[in-house]
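Chain by chain, the residues run as shown.
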Amino acid sequence: MIRSRMNGLRRGAHNPTLLNRWEECSALFKIDPTRTSINERVRIAGVKTMLYQYQVFGVWWQLAQSRTSIGGGFLADEMGLGKTLSFLAYIVVERQLSWLWDDIARSEKRMDGRHIPREHANTPGLICPTEDERPHWICCPCSRDNPSSHYGAQRGVRLAVVPQHLVETWMGEWNKHVDVEENSLQMRIIVAHEQTFDKDMSGGYDLRDIRQGANQKYLKAVMPDPRKGPHYAAQSYNGWVKPKFRGIPMEGVERRGIVFGIAVVDECHDDVLGDKGRNAILKDLPSLPRPHIWGLTGTPISHSPRTLEGVLSALAKHAPYRAMDENPDTSKSAWESDEQLRNYTPTKLNNVCTIVEESLRLKRELKGTLQVVDDMLPGFLQTFMIRRTAESTWFNHPLIKLQPHYHTDVFLQHNSTPNINSGFDIRAKYTQDLIATKLAEINKKRADKGDPPLEALSLRAQARLAWHIRILTTLPLLAGNFNQPLGMNFPHLSFLLDETMSLQKDGTRSYYSKRLKQICESSPKLCWLHGFIRRLIKTRDCEGRETNLVIVTNFSPVALVVKLFIELFCLNKQTERKSKVGLILPRTPLRERTNIINAFTDAVDNSGKRKTPKENFQFLVGTTRQIGTGLQLTRANYLVLMEPDVDFSREVQAYCRVHRIGQRNNESWSFRLIDEPAPMGIEDGLVRGERERREEFGRSVEMKSLRGLKGLGVAIGWDEAKEVEDGWRVEMLRVAAEGGC
C-alpha cells in the first residue's frame, strides 16, 4: 500500500551516498541513530514536551522538504499521532536555525572565535567551539559536516490559519508545548482573531491580541533580507490579518507590510478548492521572500484526492521563476523547469481527480477509493506528503504506545408504528422529488458537455439531500408531526439551525422539552443510550474520577434533544442536571464553547488551577464539525456517534478525539448507532457502501475474546457479555490499536 511508502525513510536529501535519512536526522539533532527503541524520546530546546523519534523525523523532513524546489508539503500523520506538536517543534527548530546563522554572522564580524571561520568551514572533522553551550539545540551550521549547513535561515512571521473553533485549541497547544522562557529564541504568539479576546476593564487588549499596539509594531518590524527583493505588504484576510495592519506608520517603524516566512493551514482537507476558504490565504501571500507552505491533515484523502488541491496550488503559485539560459528574457517557474515536478502540477492533479470522481459517480468496478489512490497517485503523495498511520512501524516496533481502542456498530430495530410510518412516507416522497430534480439538473449539464447521463445519484449524494430523513431516523416521533394538522401540539418543524437555536433558548417551554418523554421512548437509539449512560455513571476512570462521555451527531436538533434527554432521564440529582452536560452547536459563542471544553477536559491554567472551577461537565454533546475534529478529548474514553456519516473520514476524526496521545485509560471505546431497516435504506446503506469501499477503522476481533473488558460491560451489561440483548445486535468489534499503533 502507498501508505507504507510514505514514511520518508529513503536516502539522505543532501548526502545520499553517505547518510540515509534517519542518520541525517540524527546528526541534525545530535542523537544516536542506533538507539531506536519505542521508549526513546528527544528533547528540543524551546519545546517543553519530549518528542517521539518519528515526530523528530517529521520535523527534519519538514526542514529538508521546505528547502527543495517544492517549498513545503503536507504533514498528514493519522489523527492522534501529534501533528500539531510536530509542527510547533518544526517552527522552534526553524527559529534555532535562524538564531545560529545570525550568531555566526555576529561572530564573524567580531572575530571572537565562537564559530568555525568561513575559510575553515569546509575542513573535515571540525566541531563548532560553542556546540556544548547549547544543549538540545540542532547542530551548528558553521561546520559543513553538519546537515544544518545545507539549510538557510527562513525569516518572517509564522502564520497558522486554523478553523475558528480551533483557535483556542492551538493557543492551548502553544502554551503546553512551546517554551517561551528560552531567551535566545524569544518565541511569542499573536492571535489575529478578535472574537477570542475581550477588552479588560481598563480598555486594554490581551498581550496576545493582534489589536495590542506592541504586537502590531512587532509584526511590522519583521523585514525580509534587503538583498532578496523589495518589501511586500500582506493583503487583507477577513479576520486573520486586517487591512489596518498594512502600512501603518508608527514611531521608528517604516511603512512596510508583514513578511511571512512559513504559513500553514490546519485541517486543509476542509476547503477543497485552492481559491476558496482558508487555502486561498496561502495562495494570496506575497511570493517574495518565498514562504514555506504547509498543510496539516489527518485525513488527506477521503472520497477524492481533490482535498490536496488547495495547498498544491499555493505551492505552485509561490515557486520562484528562473531565467532560461537560451533566452534570458524568458523565465520559467521552478516547477516548470524541474523534470520531476512538472508531472505534479495542479492541472495534472485536477485531471486525476476528475477520473477518480467520474469513476465513483458511474459506479465502475473499483476496489475502493484507497485502491484507486494507490494505483494513480503514488507520485503525488510521495513527492509532497509524509504520513504515518496506525499500521506504520518504526524500526520494527510500533510508533508509540497507545492503549487499545475498540469500536463497534450497534444495529437497532427501526420504530415502525403506523403513525410514524405514515409521516416517513410523506417525507420520503418529498425527498425523492428532490433527488429526481437534482439528477435532472446534473444530467442536463452532462448532456451539454456530451457526457452520458447518470442512472441515479450515489447513495452519499442521496443521503445529503435526505438530511431531514436522517434526523427523523434518530427521532422518529417527529415524523408523525407531518401527518397531523398544524397546531401547538404538532408544529411543523423545519430542523434548520435558526429553529434549533430558538428552541434551545426557550428551554423548558420548547416543544422538545414538553414532548421529551414521548420523543425519547419512540427512539430506539435514545433507549439504548439510556441504558448505556446509566451503567456508565456507576464507573470510574483510571484516576478514580467520573467517567466522561462524548456524544457526536451531524445534526443540531439531535444534539439538543440528546442534551435534554440526559439531563432529565439519565442523571439522578436535580442539582447535577444542568451542570453535567455541555452542548456545542454551530452558533455557540466562542467564549462559551471554550469554557465548555475546559470544563469537560478539566483544563488547568499555568498555576495548576482549574480554568472552570464552577463547572464540571461529564457529558459533551455536539455536532461533528464542532467537536469531531481537532480537539483533544482524552479526558473521556467513551464516544457515541448517533448516526453514520456521509463521509467516513469524519467518523474516524471523531473516534480519534478519544483515541490519541494523552489517553491514560487502559481502553477506549466508540459506538456507532445504526437504524435497520432504515427509512429509504440510508443508514444501513451508508454502512454497506463503506464495506464495499473497504473503509474500515482497525481490524476485526471476535466478541468472545473481549469478555471481562470494562467497556463491554458498560455497553451491554455487567452480568454476561453476550452478542444480543434487549433487541439490539452488536456488530463484530474492531480494534484500532492493540499494544501500540
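Residues numbered from 1 in each chain as written. Predicted model: local features only at pLDDT ≥ 70, side-chain atom pairs only at ≥ 80, totals over all residues. Heavy atoms only, no water.

Participant: Now, about the packing of helix α15 (residues 497-506) against helix α19 (residues 556-570): what can you tell me, with residues and values included?
Facilitator: Remark: α15 packs on α19, axes separated minimally by 9 Å, with the N-to-C direction vectors making an angle of 15°. Judged by the angle between their axes, α15 and α19 are roughly parallel. The element α15 and its partner α19 pack so that their crossing is left-handed. Counted together, Leu-497, Thr-500, Leu-503 and Gln-504 of α15 and Ser-556, Pro-557 and Leu-560 of α19 form the full contact between these two elements. Across the contact of α15 with α19, the residue classes break down as four nonpolar, three polar and no charged. (Axes fitted to C-alpha atoms, helices over the stretch in contact; angles between N-to-C directions. Helix = DSSP H or I, 4+ residues; strand = E, 2+ residues; numbered from the N terminus. Parallel < 35°, antiparallel > 145°, perpendicular 65-115°, else oblique. Left-handed = near helix turned anticlockwise from the far one by under 90°. Contact = heavy atoms within 4.5 Å. Nonpolar A, V, L, I, M, F, W, Y, C, P; charged D, E, K, R; others polar.)

Participant: Any details on helix α6 (residues 277-284)? Residues and values, ideally.
Facilitator: Those residues of α6 that sit buried are Arg-278, Asn-279, Ala-280, Ile-281 and Leu-282. If you follow the buried residues of α6, they end up packed against β4 (157-161), β5 (260-266), β6 (292-296) and α7 (309-317). (Buried < 20%, exposed > 50% of the residue type's maximum accessible area, 1.4 Å probe, protein only.)

Participant: Describe helix α12 (residues 418-449), with residues and values.
Facilitator: Along its 32 residues, α12 runs 46 Å from first to last C-alpha, staying within 8% of the 46 Å computed at 1.5 Å per residue. All of the buried residues in α12 are Ile-420, Gly-423, Phe-424, Arg-427, Ala-428, Thr-431, Ile-435, Leu-439, Asn-443 and Arg-446. (Expected span 1.5 Å × (residues − 1).)

Participant: Lay out the sheet that holds β6 in plain terms, naming residues and giving numbers.
Facilitator: Within a beta sheet, neighbouring strands are joined by backbone hydrogen bonds and run either parallel or antiparallel to one another. Pairing in this open sheet of five strands is parallel, and the strands run β4-β5-β6-β3-β9 from one edge to the other. Where the open sheet ends on each side, the last strands, each with one partner, are β4 and β9 (385-386). Where β4 and β5 come together, five bridges link them in parallel fashion. From the neighbouring strand, Leu-159 faces β5, where its bridge partner is Ala-263. (Pairing = 2+ DSSP bridges.)

Participant: Summarise the environment of Glu-615; cite the residues concerned and give the values.
Facilitator: On the secondary structure map, Glu-615 appears in the loop between α20 (590-601) and β15 (619-623). In sequence terms Glu-615 and Ala-599 are 16 residues apart; their C-alpha atoms lie 5.7 Å from each other. In this structure, Glu-615 is in contact with Asn-595, Ala-599 and Arg-610, ignoring residues within four places of it in sequence.

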